[in-house]
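A structural walkthrough
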Amino acid sequence: MLSRKQARQGFAYDALDSVIHERARLSVLTSLVTHPKGLGFADLKTMCALTDGNLSRHLQVLKTAKFVEITKDVDNNRPHTFCRITAVGRKRYLEYLAVLEQVIRDVVAGEKTEAAAEPTQVPA
Amino acid sequence: MADLYKALAQIHAIRGQVARGTEFRGYGPETVAATGLLAGAAAVFQSVCLKSPGSSAAGYLAIWITTAALALLVTGFQTVTRTRRVHPGLARQMIFSAGESFVPAIGAGVLVTLVLMRSAPRELWMLPGLWQIFYGLGIFASCRFLPRQMLAVGVWFLATGALCLTTGTGSHALSAWEMGFPFGIGQLLIAAVLRFGYRETEDDA
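First things first, this report covers the structure right here in the doc. (Residues numbered from 1 in each chain as written. Chains lettered and ligands numbered in written order. Predicted model: local features only at pLDDT ≥ 70, side-chain atom pairs only at ≥ 80, totals over all residues. Heavy atoms only, no water.)

A closer look at helix H4 (residues 91-119) of chain B
Residue and element names in this part refer to chain B. Counted at 1.5 Å a residue, the expected span for H4 with its 29 residues is 42 Å, and the 41 Å between its end C-alpha atoms agrees. In the structure, H4 departs most strongly from a straight axis at Phe-102, where the bend amounts to approximately 35 degrees and where the proline Pro-104 lies between one and four residues downstream. Three or more residues of H4 are buried, namely Ala-91, Gln-93, Met-94, Ser-97, Ala-98, Ser-101, Phe-102, Ala-105, Gly-109, Thr-113 and Leu-116. Packed against the buried residues of H4 are helix H1 (2-20), helix H3 (57-86) and helix H5 (127-142). (Helix = DSSP H or I, 4+ residues; strand = E, 2+ residues; numbered from the N terminus. Expected span 1.5 Å × (residues − 1). Bend = angle between axes of the 7 residues up to and from the residue. Buried < 20%, exposed > 50% of the residue type's maximum accessible area, 1.4 Å probe, protein only. Contact = heavy atoms within 4.5 Å.)

Observations regarding the pairing of strand S3 (residues 78-85) of chain A
All names here are of chain A. Two elements, strand S1 (residues 39-40) and S3, share two bridges in a ladder whose sense is antiparallel. Across the sheet, Gly-40 pairs through a bridge with Phe-82, a residue of S3. In this sheet, S3 lies alongside strand S2 (residues 68-75) in antiparallel orientation, the contact comprising eight bridges. Paired with Thr-71 across the bridge in S3 is Phe-82. Hairpin geometry of S2 and S3 is characterised by an intervening segment of two residues between the two adjacent antiparallel strands and by a positive phi of about 55 degrees at Asn-76. (Pairing = 2+ DSSP bridges.)

Re the packing of helix H6 (residues 150-167) of chain B against helix H7 (residues 176-196) of chain B
Residues and elements named next belong to chain B. Running from amino to carboxyl end, H6 crosses H7 at an angle of 175 degrees, the nearest separation of the two axes being 9 Å. By the angle between their directions, the pair H6 and H7 is classed as roughly antiparallel. In this structure, H6 contributes Met-150, Val-153, Trp-156, Phe-157, Thr-160 and Cys-164 to the contact, and H7 contributes Glu-178, Phe-181, Pro-182, Phe-183, Ile-185, Gly-186, Gln-187, Leu-189, Ile-190, Val-193 and Leu-194. Class assignment for the residues of the contact of H6 with H7 results in 13 nonpolar, three polar and one charged. (Axes fitted to C-alpha atoms, helices over the stretch in contact; angles between N-to-C directions. Parallel < 35°, antiparallel > 145°, perpendicular 65-115°, else oblique. Nonpolar A, V, L, I, M, F, W, Y, C, P; charged D, E, K, R; others polar.)

A short note on the side chain of His-58 of chain A
Residues and elements named next belong to chain A. Structurally, His-58 is set in helix H4 (residues 52-64). A polar contact is formed between the side chain of His-58 and the side chain of Arg-25, at a distance of 3.3 Å. What His-58 contacts, discounting residues up to four positions off in sequence, is Glu-22, Ala-24 and Arg-25. (Polar contact = N/O pair within 3.5 Å; in protein donor to acceptor, adjacent residues only side chain to side chain.)

Describing the packing of aromatic side chains
Residue and element names in this part refer to chain B. Applying the stated criterion across every chain, the model contains seven aromatic pairs over all chains. Ring geometry for Phe-102 and Tyr-135: centres 5.4 Å apart, planes at 90 degrees, overall edge-to-face. Highlighted residues: Phe-102 in helix H4 and Tyr-135 in helix H5, separated in sequence by 33 residues. Judged by relative accessible area, Tyr-135 falls into the buried class, the value being 17%. Taking 4.8 Å as the distance between ring centres and 70 degrees as the angle between the ring planes, the aromatic pair formed by Tyr-135 and Phe-157 counts as edge-to-face. (Phe/Tyr/Trp six-rings, centres within 6.5 Å; stacked < 30°, edge-to-face > 60°.)

A word on the interface of chain A and chain B
Between chain A and chain B, the contact holds 18 residues from the first and 16 residues from the second. Between chain A and chain B, a total of about 1700 Å² is buried, with carbon and sulfur atoms accounting for 69% of that surface. Between the two partners, chain A and chain B, sit one salt bridge. The residue Arg-15 of chain B makes a salt bridge to Glu-101 of chain A at a minimum N-O spacing of 2.9 Å. Remark: the boundary between chain A and chain B carries three residue pairs in polar contact (both at pLDDT 80 or more). Here the side of chain A that touches chain B gets 14 residues from one element, more than from any other, and that element is helix H5 (residues 87-117) of chain A. Here the side of chain A that touches chain B is built from residues that sort into 11 nonpolar, two polar and five charged. (Buried area = accessible area lost by both parts, 1.4 Å probe. Salt bridge = Lys/Arg side-chain N within 4 Å of Asp/Glu carboxyl O.)

See the structure below:
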């Protein structure tokens, strides 16, 4: 049975944004949020352990959601793609992180309550 | 359970890393300017009430330690409330990061004051200059997450501190304006940098 507090707070976690809540995109955003000046496509690919096609697809999703901005230029006659997190992306990522933290704290609290409720075994 | 605590630690580490790359906007220009005016007021108070500070170091210390404590208290309270407002989700890390940069300089100032009071009371004339130098070092340490122009304010405090150490002996010892002028102007300069020095970002929109 749920405690009053649990019933009041619920476990809906509405702010767990589905755009961010995907392993590869979470990895991309974490890399970009910890490098506020931005990262090149090749560095991002290595950091997130993704293939070219996979990274492009996820970046497109993040770009559509306005979470990242992508610039393309030419460096030493070679095309260079540069990715940077936007202010909106950064804000939403931090909100996501707060909810994720709350999810884990709720699980920890639940496990502690369960452990406390278990009857202690008295040796015969 | 260990995995859960590991995940919480990782979230904490990510937040810390984001905080380190974020410009700190928790210091309020108005409050900092008010502390500059407070320094000016303390200097006027000293020049009226303490005619010969060289022979009454205790009175001098009482005035300026009270002023500094009051300024720190007001700035600290305002910084915490403002940081919670302007850096939601990162407030704790940003306040810790700001404190980590500035508090050692304050600590060094307190320590030197105690040592001079206890072991070398004849050298107390050096305190205004040393306080300004320590304050300047605190500003330099904080520059990495403040507008770049803040470096100039750090230089101001180093220069005024060096000047006080050069000229603050004899009849000029512990003069009211050795503290009132550098801190009054310096705090107003900090307020101006905080007010006009930040880059415009999408967050401001």
